[in-house]
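Observations on chain architecture
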Amino acid sequence: MKHSVLSVSRTTGRLTSGGRMLPSFLIMGAQRCGTTSLYRALAQHPLLLKPVLHKGVHYFDVGYGKGVSWYQGHFPLKVGAALLRKRHGRQPLAFESAPYYLYHPLAGERIARDLPGVKLIVLVRDPVERAFSAHSHELARGFETESHFEYAVELEVRRLAGAEERLRAEPHSVHHSHRHHAYLARGRYAEQLDRLEPLFGRERILVIDSHRFFAEPERTYARVLEFLEMPQMGNPAFERHNGRSRPKPLPESVRQTLMEHFEVYDTQLVPWLGGDPSWRR
């Protein structure tokens, strides 16, 4: 029944795509950094309009071959946005959230081409914790077969060998390990941000330390609204989403080794955050 409803909704969306909005901003990563929590907080704002069916449409990473009409069909109707503008005196903004956009080598170029003027929001967290959390997440979803985190990290270089080159050579292909096994690579945030800067300019990219978001959600939320040039309207509920229990703690020796690995990358992140990352203080 649910599948049938989704199928009908997608068909309707495609047929009416010309009368639908396109996103004005994207929450594009990083994975396991609080993107769902921020998405749900922003979706409570009456002028910030989420996709009709899914949190993340995954168009600019794995669905680009479906075309922009398919993508636009996922968003609210312009006529509804016009009614909201008349009621509140401000133009609503559509948005979506897809954490793979940040890491996919072609997503930034595609977004810049198809959504001129779009703003980007990126959340980052302790990359060691992110990696450990991502491994638990992929294991629980059945996308990871190696139950030992340390060994999965050892396998990463081999698993990702040639992945980016293949994705560029075959733009509509999907690489399983690139999407699901990039535990360390996805935590080298500055590399991914530096790839986006020439395409969008730093002024259109907001980088948020997720540790601070969860510690002071109201302040971070206000900062996001300021970035989007939207007024504060109502008081959203802030909750953590998509947390997973872990079978065992990360050994301290492994943590220290990985902290050393990420030190140079965390230093490169300082200009984006305007100071040291919270996990380096």
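Residues numbered from 1 in each chain as written. Predicted model: local features only at pLDDT ≥ 70, side-chain atom pairs only at ≥ 80, totals over all residues. Heavy atoms only, no water.

**What to know about the packing of helix H2 (residues 35-42) against helix H13 (residues 217-228)**
In plain terms, the rule: To get an axis, a line is fitted to the C-alpha atoms, and for a helix only the part in contact is used. The angle between two axes follows their N-to-C directions and goes from 0 to 180 degrees. Helix numbering and strand numbering both begin at the N terminus, where a helix is a DSSP run of H or I of at least 4 residues and a strand a DSSP run of E of at least 2. Oblique is the label for any angle not covered by the other classes, which are roughly parallel (under 35 degrees), roughly antiparallel (over 145) and roughly perpendicular (65 to 115). Here is the rule for handedness: rotate from the far helix to the near one, and if that takes an anticlockwise turn smaller than a right angle the crossing is left-handed, while a clockwise turn gives right-handed. Only heavy atoms enter the contact rule, under which two residues are in contact if any of them lie within 4.5 Å. Three residue categories are used. Nonpolar comprises Ala, Val, Leu, Ile, Met, Phe, Trp, Tyr, Cys and Pro, charged comprises Asp, Glu, Lys and Arg, and polar comprises the others, including Gly.
Relative to each other, H2 and H13 sit at 70 degrees, their axes nearing to 11 Å. Taken together, the axes of H2 and H13 are roughly perpendicular relative to one another. The two elements H2 and H13 meet at a crossing, and its hand is right-handed. Here Leu38, Ala41 and Leu42 of H2 lie close against H13, whose contacting residues are Tyr221, Val224 and Leu225. Class assignment of the residues belonging to the contact of H2 with H13 gives a composition of six nonpolar, no polar and no charged.

**Regarding the nonpolar core**
Applied cut-off: By convention a nonpolar core is built from buried Ala, Val, Leu, Ile, Met, Phe, Trp, Tyr and Cys residues, the set being connected through side-chain atoms within 4.5 Å. Burial classification: accessible surface area is computed with a 1.4 Å probe over protein chains only, and a residue below 20% of its type maximum counts as buried, one above 50% as exposed, and the rest as partly exposed.
Leu42, Tyr71, Tyr101 and Ile111 are the most contacted members of the largest nonpolar core, which totals 56 residues. Beyond its immediate chain neighbours, meaning those up to four positions away, Leu42 contacts Phe25, Ile27, Leu48, Phe95, Tyr221, Val224 and Leu225.

**Some thoughts on the packing of aromatic side chains**
Put simply, the test is: Under the pairing criterion, centres of Phe, Tyr and Trp rings, with the six-membered ring standing for Trp, must be within 6.5 Å; the plane angle then separates stacked pairs below 30 degrees from edge-to-face pairs above 60, leaving the rest tilted. A positively charged side chain is recorded as over a ring if its NZ (Lys) or CZ (Arg) lies within 6 Å of the ring centre. The angle to the ring normal must also be within 35 degrees.
Counted by the stated rule, this structure contains 14 aromatic pairs. Plain terms: the ring middles of Tyr39 and Phe95 are 5.4 Å apart, the flat faces sit at 55 degrees to each other, and that makes the pair tilted. A residue pair is termed long-range when its members are at least 10 positions apart, and Tyr39 in helix H2 and Phe95 in strand S3 (residues 93-97) qualify at 56 residues. Given the relative accessible area of 0%, Phe95 is considered buried. Where Phe132 meets Phe149, the ring centres are 5.1 Å apart and the plane angle is 70 degrees; that geometry is what we call edge-to-face. Pair noted here: Phe132 is in helix H7 (residues 127-141) and Phe149 is in helix H8 (residues 149-160), with a separation of 17 residues, a long-range link. Ring pairs connect the aromatic residues Tyr59, Phe60, Tyr64, Trp70, Tyr71, Phe75 and Tyr101, which therefore count as one cluster. In this arrangement the basic side chain of Arg202 is found over the ring face of Trp272, its NZ or CZ atom lying 3.9 Å from the centre.

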